[in-house]
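# Residue-level structure breakdown
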Amino acid sequence: MQTVKLSSKNQMVLPKEAREAMHLKGRDELLIIVKGGVTVIMPKPEKYSAALSGSGEKIYRKHYLKKERESW
């Protein structure tokens, strides 16, 4: 685990290890997500639909959505 320090202009440098792990290069855009006391930094996806596709797959029990759709 590495630490970074904010400059007087509130800037920081991502360690090389983090940039390589996220496959970042200069001028790439990042998303900053803050939830409670946790901050997540991740590469901005080119397409949000592709990045989120399948993310809710295991939220519902097996066959739950099928039964709900049939009830309509």
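Just so you know, these numbers come straight off a predicted model, no measurement behind them. Counting restarts for each chain, with residues numbered from 1 along the sequence as it is written. This being a predicted model, a pLDDT of at least 70 is required before a residue's local features are given, and a value of 80 or more before pairs of side-chain atoms are given or counted; all residues contribute to the totals for chains, interfaces and linings. As a rule here, side-chain values cover all heavy atoms of the structure and leave hydrogens and water aside.

## Quick notes on the overall build of the chain
In terms of regular secondary structure, the chain is built from 3 helices and 2 strands. The secondary structure listing takes helices from DSSP runs of H or I that are at least 4 residues long and strands from runs of E that are at least 2 residues long, numbered from the N terminus. Starting at the N terminus, the α and β elements of the chain follow one another as α-β-β-α-α. Here the radius of gyration uses the C-alpha set of atoms, whereas the globule reference equals 2.2 Å times the residue count to the power 0.38. For a compact globule of 72 residues, the expected C-alpha radius of gyration is about 11 Å, and the chain comes in at 19 Å, more than 25% above that figure. For the chain, the C-alpha atoms occupy an extent of roughly 60 × 25 × 20 Å along the three principal directions. Throughout, exposure labels follow a simple rule: accessible area from a 1.4 Å probe, protein chains only, divided by the maximum for the residue type, with under 20% read as buried, over 50% as exposed, and the rest as partly exposed. When the 72 residues of the chain are sorted by exposure, 4% land in the buried category. When contacts within the chain are restricted to residue pairs at least 6 apart in sequence, those whose partners lie at least 24 apart make up 3%. Only the protein chains shown count as cover for residues, and the accessible areas themselves come from Shrake-Rupley with a 1.4 Å probe. As presented, the chain carries roughly 7400 Å² of accessible surface, and 53% of it is formed by carbon and sulfur atoms. In this analysis, two residues are considered to be in contact whenever any of their non-hydrogen atoms come within 4.5 Å of each other.

## A look at the environment of Y48
Structurally, Y48 can be placed in helix α2 (residues 48-52). By relative accessible area, which is 41% here, Y48 ends up partly exposed. Y48 sits 41 residues away from S7 along the chain, and the two C-alpha atoms are 31 Å apart.

## Some words on a nonpolar patch on the surface
Like-charged residues within 9 Å of one another, or nonpolar side chains (Val, Leu, Ile, Met, Phe, Trp, Tyr) within 5 Å, are grouped into patches, provided each residue has over 30% relative accessible area and no salt bridge. By definition here, a salt bridge exists when the distance from a side-chain nitrogen of Lys or Arg to a carboxyl oxygen of Asp or Glu is within 4 Å. A contiguous nonpolar surface patch, about 290 Å² in accessible area, is contributed by I33, V38, V40 and M42. No other element matches the 3 residues that strand β2 (residues 38-43) contributes to the nonpolar patch. Within the element layout of this structure, M42 appears in strand β2. A relative accessible area of 32% means that M42 is categorised as partly exposed.

## A word on unusual backbone geometry
Look at N10: it is not a glycine, yet its phi comes out positive at around 60°. A positive phi is found at R27, a non-glycine position, where the angle reads about 75°. You can see R27 is positioned in the loop between α1 (16-21) and β1 (30-35). Classification of R27 as exposed rests on a relative accessible area of 86%.

## Let's talk about the layout of surface pockets
Here the term cavity refers to a set of points on a 1 Å grid, laid over the protein atoms alone, in which a 1.4 Å probe fits but cannot get out; the term pocket refers to an open set having protein on both sides within 12 Å along at least five of seven lines, with lining residues being those that place an atom within 4 Å of a point. Grid points are joined across faces, edges and corners, and a volume is the space filled by probe spheres set on the points. In this model, the largest pocket occupies a volume close to 160 Å³. Looking at the largest pocket, the residues that line it are M12, V13, L14, R19, L24, K25, G26, R27, D28 and L30. A breakdown of the residues in the lining of the largest pocket according to their chemical character gives 5 nonpolar, 1 polar and 4 charged. Under the scheme applied here, ten amino acids are nonpolar (Ala, Val, Leu, Ile, Met, Phe, Trp, Tyr, Cys and Pro), four are charged (Asp, Glu, Lys and Arg), and all others, including Gly, are polar.

## Concerning the confidence of the model for the chain
Reading predicted coordinates in detail is not appropriate for stretches of low pLDDT. What pLDDT conveys is the predictor's confidence in a given residue, as a value from 0 to 100. Per-residue pLDDT for the chain has a mean of 88; in total, 100% of the residues score no lower than 70. Confidence scores differ between elements of the chain, with α2 showing the lowest mean pLDDT of 77 and α1 the highest of 94.

## With respect to the environment of E20
Positionally, E20 belongs in helix α1. For E20, a relative accessible area of 49% translates into the label partly exposed. Distance from E20 to G54, taken between C-alpha atoms, is 25 Å for residues 34 residues apart in sequence.

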